[in-house]
Structure formats: C-alpha cells, structure tokens
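Structure at a glance
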Amino acid sequence: MTRIYLGRCVYGLAAIAFAVIAVVWHDFNTWQQIRALGNVPHREILLYIVAAIELFGGVAIQWPRTARAGSLALGAIYLIFALLWVPFIAAKPLVYDGWGNFFEQFSLVSGALIVYASFDRGNSQRAAKAARIGYIFFGICVVSFTLEQLFYLSGTAAFVPEWIPPGRMFWAITTTIAFALAAIALLSGRSALLASRLLTVMIIGFGLLVWLPVLFADPHKLFNWAGNAQNLAIVGAAWIVADFLNQNRSTSTAT
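Residues numbered from 1 in each chain as written. Predicted model: local features only at pLDDT ≥ 70, side-chain atom pairs only at ≥ 80, totals over all residues. Heavy atoms only, no water.

**Topic: the overall build of the protein**
Looking only at helices and strands, the protein has eleven helices and zero strands in total. Order of helices (α) and strands (β) in the protein, N terminus to C terminus: α-α-α-α-α-α-α-α-α-α-α. Within the span of the protein, comprising 255 residues, buried residues form 48% of the whole. Across the protein, every contact between residues at least 6 apart in sequence was considered, and the portion connecting residues at least 24 apart equals 72%. (Helix = DSSP H or I, 4+ residues; strand = E, 2+ residues; numbered from the N terminus. Buried < 20%, exposed > 50% of the residue type's maximum accessible area, 1.4 Å probe, protein only. Contact = heavy atoms within 4.5 Å.)

Here you go:
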C-alpha cells in the first residue's frame with residue numbers, strides 16, 4: 001500500500017506553508033488551527049514548536065521511507081488543533097461554528113491516518129482497517145462541510161467572486177449540494193472514487209477562484225495566507241482519499 005503520491009505531496013506542501021507563514025508573521029495562525037487557544041503565555045515558543053512540527057511533517061511525508069513519521073507528526077498536531085475546539089463546542093453546542101472548525105481540522109487528521117496506514121509494511125489487516133477508519137472519518141468531515149455551508153449560506157455566498165455567473169447564491173447552493181452528494185457517495189461506497197476526485201477538483205477550484213485572488217488583492221493580511229494554506233491542506237486530504245480509493249480499486253482488479 002505505497003501508491004499514494006500526489007495527495008500526500010500536496011498535503012505536505014500545505015504543512016510547510018503553514019510553518020513558513022507562522023515564522024514569517026511571528027504570531028499564531030489566525031485561522032482555525034490556533035485561534036481556539038486564545039491568549040496563552042510563551043506564545044512565541046509555542047509558535048516555533050508548532051512550525052517545527054509542521055515543517056518536519058511536511059518534508060518527511062514527501063518520501064516513502066519517512067512518510068509514516070511525517071504523517072504521524074502532522075496527524076498528531078492537527079488532532080491537537082481539532083481538540084482545542086471541543087471546549088467551544090461544549091460551551092455553545094447549538095452554534096455550528098465550533099463544530100465546523102473542529103471537523104475542518106479533523107479532515108486533516110483523517111488524511112494523515114490514511115497515509116500512516118498505507119505505509120505500514122507490518123500487519124496488512126491492521127493497516128487496511130486503520131486506512132478505512134481514516135476514510136470514514138473524512139466522509140463524516142464532508143458531511144460537516146455540507147452543514148457548515150448550509151447553516152452559513154449567506155457567508156458562503158459572500159466568498160464567491162461577483163464576476164462568476166450566474167450569481168453568488170447560485171454557487172453557494174450548488175457547492176453545498178455537491179458536498180452533500182460527495183458525502184453520500186463516500187459513506188455509501190457508491191461512486192466513491194469519482195466523488196472523491198470531483199470533490200478534490202472542487203476544493204482546488206475554491207483555492208484558484210476564491211483564496212488566491214484575495215491573497216493577490218491583499219498580500220499583507222495573514223488571514224488570506226492562512227486561508228490558502230488551509231484550503232491546500234484540505235485539497236491534500238481529499239486527494240489522499242482519492243488515491244486510497246484508486247489504489248484499492250487497482251488492487252482488487254489485479255487480484
């Protein structure tokens with residue numbers, strides 16, 4: 001199970017981007033990753049620790065020999081980022097913002113788990129089970145992406161560039177439906193590979209049409225850099241899922 005290439009490479013590049021952004025801006029990422037931590041003592045030390053872990057993981061995951069170590073490092077740090085949102089969820093369980101932030105981070109944990117399991121050369125059954133769990137976790141995260149856009153439809157529409165016809169709300173509704181269909185396909189197993197590929201393309205589209213333009217428009221705003229890195233990380237996780245499904249199909253065909 002070692003044929004996951006492009007997905008983990010993109011995923012790793014996003015982690016490297018996060019590390020560089022953290023060091024260059026000399027502050028915690030204002031995106032979902034660190035914002036939940038709030039004001040804590042020794043922020044500078046924590047910043048460099050986080051950046052070092054993400055840089056190590058992002059580089060290590062690029063090569064098969066070190067991919068497990070890299071995915072373990074990234075999976076662990078993203079899991080911590082996800083768990084930081086649990087107190088907010090507990091305090092306001094009916095406000096979906098906390099849930100949405102949790103599952104955005106957890107989607108990255110899911111990608112790391114699939115990569116980690118895919119390079120397990122020991123117990124093949126254990127590896128297959130772990131990869132499957134990561135895949136199911138990612139499908140659940142896609143359900144959350146659907147709900148997040150649905151509950152904040154006006155906010156989603158505001159991200160859509162005005163020049164794209166036929167209108168902002170049209171694309172907000174369309175992409176929400178696309179997320180829902182992808183979630184159904186992934187969790188049911190019907191047309192899952194096609195759904196994962198289309199999902200990856202759609203999220204890449206978010207990066208090209210939404211996040212890159214705002215970055216070029218205002219490169220001095222940390223939120224724009226962090227948004228691009230976060231979107232790229234989710235692209236990597238979705239691509240890992242597509243690679244995983246494609247690999248399983250190839251293995252089934254060969255046998």
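**Focus on the packing of aromatic side chains**
By the definition in use, this model includes 13 aromatic pairs. On the numbers, 5.2 Å between centres and 70° between planes, the contact of Tyr96 with Phe151 is edge-to-face. Of the two residues, Tyr96 is situated in helix α6 (residues 96-118) and Phe151 in helix α7 (residues 124-151); the sequence distance between them amounts to 55 residues. Here Phe159 and Trp211 contribute two aromatic rings whose centre-to-centre distance is 5.6 Å and whose plane-to-plane angle is 45°, an arrangement assigned as tilted. Note that Phe159 is positioned in helix α8 (residues 153-159) and Trp211 in helix α10 (residues 192-217), a separation of 52 residues in sequence. Residue Trp211 is classed as buried on the basis of its relative accessible area of 8%. (Phe/Tyr/Trp six-rings, centres within 6.5 Å; stacked < 30°, edge-to-face > 60°.)

**Digging into the nonpolar core**
The nonpolar side chains of a soluble globular protein tend to be buried with one another. Counting residues in hydrophobic clusters, the biggest one holds 54 residues, and the most contacted among them are Tyr11, Tyr78, Val142, Leu186 and Leu199. Of all the secondary-structure elements, those providing two or more residues to this core are α1 (6-25), α4 (67-83), α6, α7, α9 (168-188), α10 and α11 (222-254). Of all the elements, α11 adds the most residues to this core, at eleven residues. Contact partners of Val142, with chain neighbours within four places excluded, come to Phe179, Ala182, Ala183, Leu186 and Leu199. (Core = buried A, V, L, I, M, F, W, Y, C linked by side-chain atoms within 4.5 Å.)

**Let's talk about α6**
For α6, with 23 residues, the first-to-last C-alpha span of 33 Å sits near the 33 Å given by 1.5 Å per residue. With 19 of 23 residues buried, α6 lies mostly within the body of the structure. (Expected span 1.5 Å × (residues − 1).)

**What about unusual backbone geometry?**
Residue Pro166 is bonded to the preceding Pro165 through a cis peptide linkage, with omega at 0°. Positive phi values are uncommon outside glycine, yet Ser191 reaches one of about 55°. With respect to the helices and strands, the residue Ser191 is situated in the loop between α9 and α10.

**Some thoughts on the environment of Asn101**
Position of Asn101 relative to the elements: it lies in helix α6. Here Asn101 falls in the buried class, since its relative accessible area comes to 1%. Separated by 47 residues in the primary sequence, Asn101 and Glu148 place their C-alpha atoms 9.2 Å from one another.

**Things to note about the environment of Ala131**
Tracing the sequence through the fold places Ala131 in helix α7. Classification of Ala131 as buried rests on a relative accessible area of 0%. Sequence separation of Ala131 and Phe244 is 113 residues, and the distance between their C-alpha atoms is 8.2 Å.

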